[in-house]
Amino acid sequence: MKFATKAIHVGSEPDPATGAIMPPIYMTSTFAQTSPGETIAGYDYTRAGNPNFTILEKLLAALEGAKFATVFSSGLGALSALITTLKHGDKVVGVGGLYGGTYRLFHQVFSRFGIEFVVISPSSVEELDKALSIHPKWLLFETPTNPLLEIFDIEAFVKAGKKVGALVIVDNTFASPYFQSPLRWGVDVVWHSTTKYIGGHSDVIGGVMITDNPTIKKELDFARKALGVNPSPFDAWLTTRGVKTLALRMEQHQKNAMAIATYLEGHAKVKKVYYPGLASHPRHDIAKKQMYGFSGMIAVEFKLSLDETKTLISKLKLFTLAESLGGVESLVNHPATMTHASIPQEDRLKMGWSDSLIRLSVGIEDAEDLIADLAQALA
Ligand SMILES: *Cc1c(COP(=O)(O)O)cnc(C)c1O
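Not measured: the values here are computed from a predicted model. (Residues numbered from 1 in each chain as written. Predicted model: local features only at pLDDT ≥ 70, side-chain atom pairs only at ≥ 80, totals over all residues. Heavy atoms only, no water.)

Asks: Just give me the short version of the nonpolar core, but keep the residues and values in it.
Replies: F141, I260, V273, I298, V300 and L360 are the most contacted members of the largest nonpolar core, which totals 82 residues. Taken domain by domain, the makeup of this core includes at least three residues from each of domain 1 (3-243) and domain 2 (246-378). Leaving out residues up to four positions away in the same chain, F141 has contacts with V95, L98, F152, I154, F157, V168, I169, V170 and D171. Ranked by size, the runner-up nonpolar core spans 25 residues in total, among them I115, F117, M209 and I216. (Core = buried A, V, L, I, M, F, W, Y, C linked by side-chain atoms within 4.5 Å. Buried < 20%, exposed > 50% of the residue type's maximum accessible area, 1.4 Å probe, protein only. Domains from an automatic or database assignment. Contact = heavy atoms within 4.5 Å.)

Okay, structure coming up:
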């Protein structure tokens, strides 16, 4: 079965009791047992499991070409659960460009429980090997990254990670399962914030961990139950509903993003466009090798001051100023004052995040309207 067919059919059969085409929402905290300890369908309490979780898990595992998935209350809830499979003294190597909340979770929470988080920015395989010589339990990275859409070579990173016996974990949120399948390069765990492209409508928060490893699956299910980081059945249902159109949405996100990136690259007020689909992207070849498409996220640096950049953003009508990404509507984000404001300006500049950098989450509106909106704001 191909992706778009799986997105519609896997996990969702017509309800045998009523024929309902769409699965019911099992808004129940608990389940009747036939005799003590004997459940009817394997469910006893919704913190531990619910039919709406199972439906979404089957679906997301299939879309990543994996055996197992466990859904959580949020992306960070999912990561928290996975981190609790580590123990005091364990090391994690993270590659620079991760989601801001990922750093916060390690640095401000789990460091207090003795999990050591080492952030690296390797510029060669040799540097990566050297950084991994501390024998971390995990190698964690994101590709494409936030906000500069850097691309890392998944195959090369997996090779380096396996050499030191590290579990390799990829945050696949920006690409979505439609444009990138990290498991096919040997990645152990794929992580998504389903809040973004997977849910796709900016109306629900959720997360998932996906793996072929039955031990990890068991640990994740245990962690969800033990920590209480389960989604609500309604949220799982809503996310399942969103996934049905994932293929269509991703095609349109990418088509619009490509048109906008090309337009911006030719504009006199633009200093630089960051989009993996452009031939000018330094890792365009690697993106082409490991991705099926380039998704809908763009970063743009203007030849403008901070105040001029703020004015430009305030003139946009179709791009709403907001954090988050991956919904049907276009959003604009200003890293220097929003998502990355907590980072000192000096450090931001070192990372290449200037005051005139904006990030666009390109929606699925008509590309002509989006380009016209950018054109009037730039004028
Ligand atoms: C949003 C996001 C997360 C965190 O997910 P939540 O659902 O907000 O907890 C993690 N990684 C990336 C790349 C994200 O964009």
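After that view, the rundown keeps rolling.
Asks: Got a sec to walk through the pattern of salt bridges? Specific residues and values, please.
Replies: It is possible for side chains bearing opposite charge to pair when their charged atoms get close. Per the stated rule, a full pass over the model turns up 11 salt bridges. With its nearest N and O atoms 3.4 Å apart, the salt bridge here joins K137 to D90. Taken together, the residues K137 in the loop between α5 (125-131) and β6 (138-142) and D90 in the loop between α3 (75-83) and β4 (91-95) connect sequence positions 47 residues apart. What makes K137 partly exposed here is its relative accessible area of 40%. Residue class for D90 comes out buried when judged on its relative accessible area of 8%. Here K162 and D188 are joined by a salt bridge, their closest N and O atoms 2.9 Å apart. Of the two residues, K162 sits in helix α6 (residues 154-163) while D188 sits in the loop between α7 (176-179) and β8 (189-193), which places them 26 residues apart along the sequence. (Salt bridge = Lys/Arg side-chain N within 4 Å of Asp/Glu carboxyl O. Helix = DSSP H or I, 4+ residues; strand = E, 2+ residues; numbered from the N terminus.)

Asks: I'd like to hear about the packing of α3 against helix α4 (residues 100-109), residue by residue, with values.
Replies: Interhelical geometry of α3 versus α4 gives an angle of 35 degrees and a closest axis separation of 11 Å. In this structure, α3 crosses over α4, and the sense of that crossing is right-handed. Seen from α3, the contacting residues are L76, L79, S80 and I83; seen from α4, they are G101, T102, R104, L105 and F106. Residues belonging to the contact of α3 with α4 are distributed by class as follows: five nonpolar, three polar and one charged. (Axes fitted to C-alpha atoms, helices over the stretch in contact; angles between N-to-C directions. Left-handed = near helix turned anticlockwise from the far one by under 90°. Nonpolar A, V, L, I, M, F, W, Y, C, P; charged D, E, K, R; others polar.)

Asks: Describe in detail the packing of aromatic side chains, supporting the description with residues and values.
Replies: Counted according to the given criterion, the structure contains 10 aromatic pairs. Considering the side-chain rings of F110 and F113, the 6.0 Å spacing of their centres and the 50 degrees angle between planes classify their relative orientation as tilted. F110 gets classed as buried once you look at its relative accessible area, which sits at 13%. The rings of F3, Y178 and F179 are connected pair by pair, giving a single aromatic cluster. The positively charged end of K289 is found above the aromatic ring belonging to W185, 5.3 Å away from the centroid. (Phe/Tyr/Trp six-rings, centres within 6.5 Å; stacked < 30°, edge-to-face > 60°. Lys NZ or Arg CZ within 6 Å of the ring centre and 35° of its normal.)

Asks: Please give an account of the sheet that holds strand β11 (residues 297-302) that cites residues and values.
Replies: Across the sheet, which stays open at both edges, the five strands sit in the order β10-β11-β14-β13-β12 with mixed pairing between neighbours. Each edge of the open sheet carries a strand with a single partner, namely β10 (270-274) and β12 (320-321). Pairing analysis gives two bridges linking β12 to strand β13 (residues 331-333), with the strands arranged parallel. Within β13, the position partnered with L321 by the bridge is V332. (Pairing = 2+ DSSP bridges.)

Asks: For the environment of F319, give the residues involved together with the corresponding values.
Replies: Within the fold, F319 resides in the loop between α12 (306-315) and β12. Look at F319 and you get buried, because its relative accessible area is 2%. Distance from F319 to V243, taken between C-alpha atoms, is 23 Å for residues 76 residues apart in sequence. When residues no more than four places from it in sequence are discounted, the contact partners of F319 are I260, S330, L331, V332, L360, L370, D373 and L374.

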